[in-house]
Amino acid sequence: MKSVALITEYNPFHNGHLYHAQMAQQMTEADVTIAIMSGNFVMRGMPAMFNKFQRAQMALAGVDLVVELPVIGALSSSDYFAKMGVRMADYLAADALCFGSESGDIKALQHIATQLLSYETTPAFHQAIKQGKSYARIVSEYLDDTLMRSPNNILGIAYLKQLQALNSNIHPYTLQRQHTEHHQQDLNHESYASGSAIRQALHNHDTRWQSMVPKENITLFNHPFDDEKRLFDFLRLTVAQHDVHSLRNIYTMSEGFEYRLMKCMQTATSYTDLMQQLKTKRYTYTHIQRVLMNVLLNIPHSDVSDTIQAARVLAMSSQGQAYLKWLKQTAPDQQIITNVNQKNASLIKNEIKATRIYNVLTKQTQNDFNTPVIKR
């Protein structure tokens with residue numbers, strides 16, 4: 001069976017995602033579409049607005065199989081996010097990977113990916129890293145290319161770098177982003193909007209979001225988490241249980257940021273105030289938010305690994321189920337988890353922990369043990 005992988009967040013799933021899934025299947029002539037989706041915490045460094053089970057069910061409007069991206073990948077910068085997504089696609093024996101981009105030119109993006117991979121082996125690159133420069137700054141100083149100024153292009157290049165680094169047989173495709181920009185906040189199209197715009201509409205009780213998502217999914221948009229005060233209170237409690245030495249061990253914590261976090265948490269009066277106090281020229285808001293989520297989840301540097309131990313299946317269509325049966329026959333050693341139990345829980349311990357903490361934060365109850373694979 002031929003398959004195409006989509007590395008996604010679906011926060012939440014909308015008509016643009018549906019278009020991407022349909023076009024990916026058409027472009028690649030795949031039998032199966034696989035969404036590798038962030039779980040209850042997403043790349044921008046926040047809890048997902050809807051839990052991973054709701055979002056997986058939403059995704060079945062357009063894909064055949066939804067597999068959880070490891071939480072460490074989800075709460076990482078674009079390179080590691082891409083690495084874990086590509087490795088999961090490889091683990092699932094995907095034939096193709098299709099991603100959205102502002103460019104839509106796969107050859108141009110591949111050319112930049114090759115340039116960057118080559119540059120990352122040079123003494124100049126390693127010297128810049130030692131100087132404390134961020135990867136984004138190093139790349140922008142080395143390669144002044146307009147393609148590197150758009151978020152989906154940057155992420156797409158990260159996927160292509162990982163495919164090249166792994167010498168993967170997965171064939172890449174890109175679909176040019178249509179109608180809306182990645183971070184666009186306005187609902188200015190009759191049926192397409194960015195995830196950011198839809199989340200903002202939900203926050204403002206603006207029901208126009210309903211025309212931006214598949215009709216069958218509207219009833220799934222319940223119990224959204226949108227409470228910065230509660231998140232701030234949880235962060236204050238979590239940080240209060242640390243000292244600078246234990247904070248230093250948290251994944252993505254670096255360059256003495258633990259001291260700044262301890263100091264700012266003592267004086268911040270709200271989540272927004274905390275972010276403003278923590279912000280520096282070196283760190284973006286998104287990076288700081290990812291650090292905070294890794295603190296909340298208590299994920300140590302020692303848990304970081306490039307190895308995929310298992311694929312946690314969240315949802316599947318009948319076609320997706322057939323693909324899993326085919327995969328079991330062709331790759332019997334792969335750990336495909338459709339039923340979480342005490343025997344296999346250790347393979348996805350951080351994902352289980354993230355869901356448990358998400359539930360306490362959001363006052364929800366669906367977890368990895370009481371929620372079976374969602375089927376269509």
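Procedures and definitions
- Residues numbered from 1 in each chain as written.
- Predicted model: local features only at pLDDT ≥ 70, side-chain atom pairs only at ≥ 80, totals over all residues.
- Heavy atoms only, no water.
- UniProt positions renumbered as here; feature names shortened; annotations may be inferred.
- 1 Å grid on protein atoms, 1.4 Å probe; cavity = no way out; pocket = protein on both sides within 12 Å on 5 of 7 lines; lining within 4 Å.
- Points joined across faces, edges and corners; volume = space filled by probe spheres on them.
- Nonpolar A, V, L, I, M, F, W, Y, C, P; charged D, E, K, R; others polar.
- Helix = DSSP H or I, 4+ residues; strand = E, 2+ residues; numbered from the N terminus.
- Contact = heavy atoms within 4.5 Å.
- Salt bridge = Lys/Arg side-chain N within 4 Å of Asp/Glu carboxyl O.
- Buried < 20%, exposed > 50% of the residue type's maximum accessible area, 1.4 Å probe, protein only.
- Pairing = 2+ DSSP bridges.
- Domains from an automatic or database assignment.
- Buried area = accessible area lost by both parts, 1.4 Å probe.
- Polar contact = N/O pair within 3.5 Å; in protein donor to acceptor, adjacent residues only side chain to side chain.
- Phe/Tyr/Trp six-rings, centres within 6.5 Å; stacked < 30°, edge-to-face > 60°.
- Lys NZ or Arg CZ within 6 Å of the ring centre and 35° of its normal.

In the nomenclature of an unreviewed UniProt entry, the protein corresponds to tRNA(Met) cytidine acetate ligase from the organism Staphylococcus microti. What the UniProt record of the protein gives under Subcellular location (unreviewed entry) is the line "Cytoplasm". Recorded in UniProt for the protein, the comment headed Sequence similarities (unreviewed entry) runs: "Belongs to the TmcAL family."

Trainee: Mind showing me how you'd approach the layout of surface pockets here?
Mentor: Here the idea is plain: a probe the size of a water molecule rolls over the atoms and shows the empty space left. Taken as a whole, the second largest pocket spans an internal volume of roughly 330 Å³. Residue lining of the second largest pocket: 20 residues in total, with Pro70, Thr307, Gln309, Leu347 and Glu351 positioned closest to the centre. Taken together, the residues that form the lining of the second largest pocket break down as 10 nonpolar, five polar and five charged.

Trainee: When you look at the side chain of Lys161 in this model, what are you seeing that I'm missing?
Mentor: The topology assignment puts Lys161 in helix α8 (residues 151-165). What Lys161 contacts, discounting residues up to four positions off in sequence, is Asp79, Ala113, Leu116, Leu117, Glu120 and Tyr135.

Trainee: When you look at the pattern of salt bridges in this model, what are you seeing that I'm missing?
Mentor: When their charged atoms lie close together, side chains carrying opposite charge are able to pair. One pass over the structure, following the stated rule, counts 12 salt bridges. For Asp64, the salt bridge is made with Arg376, and the minimal N-O distance between the two is 3.8 Å. Of the two residues, Asp64 is situated in the loop between α2 (52-59) and β5 (65-69) and Arg376 in the segment after β10 (374-375); the sequence distance between them amounts to 312 residues. In this structure, the salt-bridge partner of Arg208 is Asp206, at a minimum N-O distance of 2.8 Å. Accessibility expressed as a relative area gives 47% for Arg208, which makes it partly exposed. Each of Lys52, Glu68, Arg312 and Asp368 takes part in salt bridges that share partners, so that together they form one network.

Trainee: Explanation requested: the pairing of β5 in the structure shown.
Mentor: Each regular strand displays side chains that alternate between the two surfaces of the sheet. Here β5 lies mainly inside the structure; five of its five residues are buried. Where strand β2 (residues 32-38) lies against β5, five bridges are found, and the strand directions are parallel. Paired with Ser38 across the two strands is Leu69, which belongs to β5. Here three bridges tie β5 to strand β8 (residues 311-316), and the two strands are oriented antiparallel to one another.

Trainee: Hey, could you run me through the domain arrangement of the protein in this one?
Mentor: For interface size, the figure often reported is the accessible area lost on association. Under the domain assignment used here, the protein contains domain 1 (3-220) and domain 2 (228-303). On the domain 2 side, the residues contacting the 15 residues of domain 1 number 15 residues. Where domain 1 abuts domain 2, roughly 1200 Å² becomes buried across the two surfaces, and 66% of that area is made up of carbon and sulfur atoms. By the criterion of area lost to domain 2, the three top residues of domain 1 are Met46, Ile72 and Leu75, representing 40% of everything that side buries. The interface formed by domain 1 and domain 2 includes zero salt bridges. Where domain 1 touches domain 2, the interface holds five residue pairs in polar contact (both at pLDDT 80 or more). Elements that contribute at least two residues to the side of domain 1 that touches domain 2 include exactly β4 (46-47) and α3 (71-74). Here the side of domain 1 that touches domain 2 is built from residues that sort into eight nonpolar, six polar and one charged.

Trainee: Explanation requested: the packing of aromatic side chains in the structure shown.
Mentor: Counted according to the given criterion, the structure contains 10 aromatic pairs. On the numbers, 5.1 Å between centres and 65 degrees between planes, the contact of Phe50 with Phe221 is edge-to-face. Remark: Phe221 occurs in the loop between α9 (195-203) and α10 (228-240) and Phe50 occurs in the loop between β4 and α2; sequence separation between them is 171 residues. Under the relative-accessibility criterion, Phe221 is labelled buried at 9%. A centroid spacing of 5.3 Å and a plane angle of 75 degrees characterise the contact between Phe257 and Tyr283, whose relative ring orientation is edge-to-face. Here Phe257 is found in helix α12 (residues 257-267), whereas its partner Tyr283 is found in the loop between α13 (271-278) and α14 (285-296), with 26 residues between them in sequence. Residue Phe257 shares its accessibility class with Tyr283, and that shared class is buried. Among the aromatic residues, ring-to-ring pairing joins Phe50, Trp209 and Phe221 into one connected group. The ring centre of Tyr285 lies 5.5 Å from the NZ or CZ of Lys279, which sits over that ring.

Trainee: Which parts of the structure should I look at to understand empty space enclosed by the protein?
Mentor: The tally for this structure, following the rule as stated, stands at one cavity of 30 Å³ or more. Reported here for the largest cavity is a volume of approximately 30 Å³. Lining the largest cavity, in full, are Gly39, Asn40, Phe41, Glu68, Leu69, Pro70, Val71, Ala74 and Ala354. Within the residue set of the lining of the largest cavity, elements represented by two or more residues are β5 and α3. For the lining of the largest cavity, the residue count by class is six nonpolar, two polar and one charged.

Trainee: Where do I start with the environment of Leu116 in this structure?
Mentor: If you trace the backbone, Leu116 turns up in helix α5 (residues 106-119). Leu116 sits in the buried class, given a relative accessible area of 2%. Residues Leu116 and Ala158, spaced 42 residues apart in sequence, show a C-alpha to C-alpha distance of 9.5 Å. Those residues in contact with Leu116 that lie beyond four places of it in its chain are Tyr135, Val139, Tyr142, Leu143, Met148, Ile157 and Lys161.

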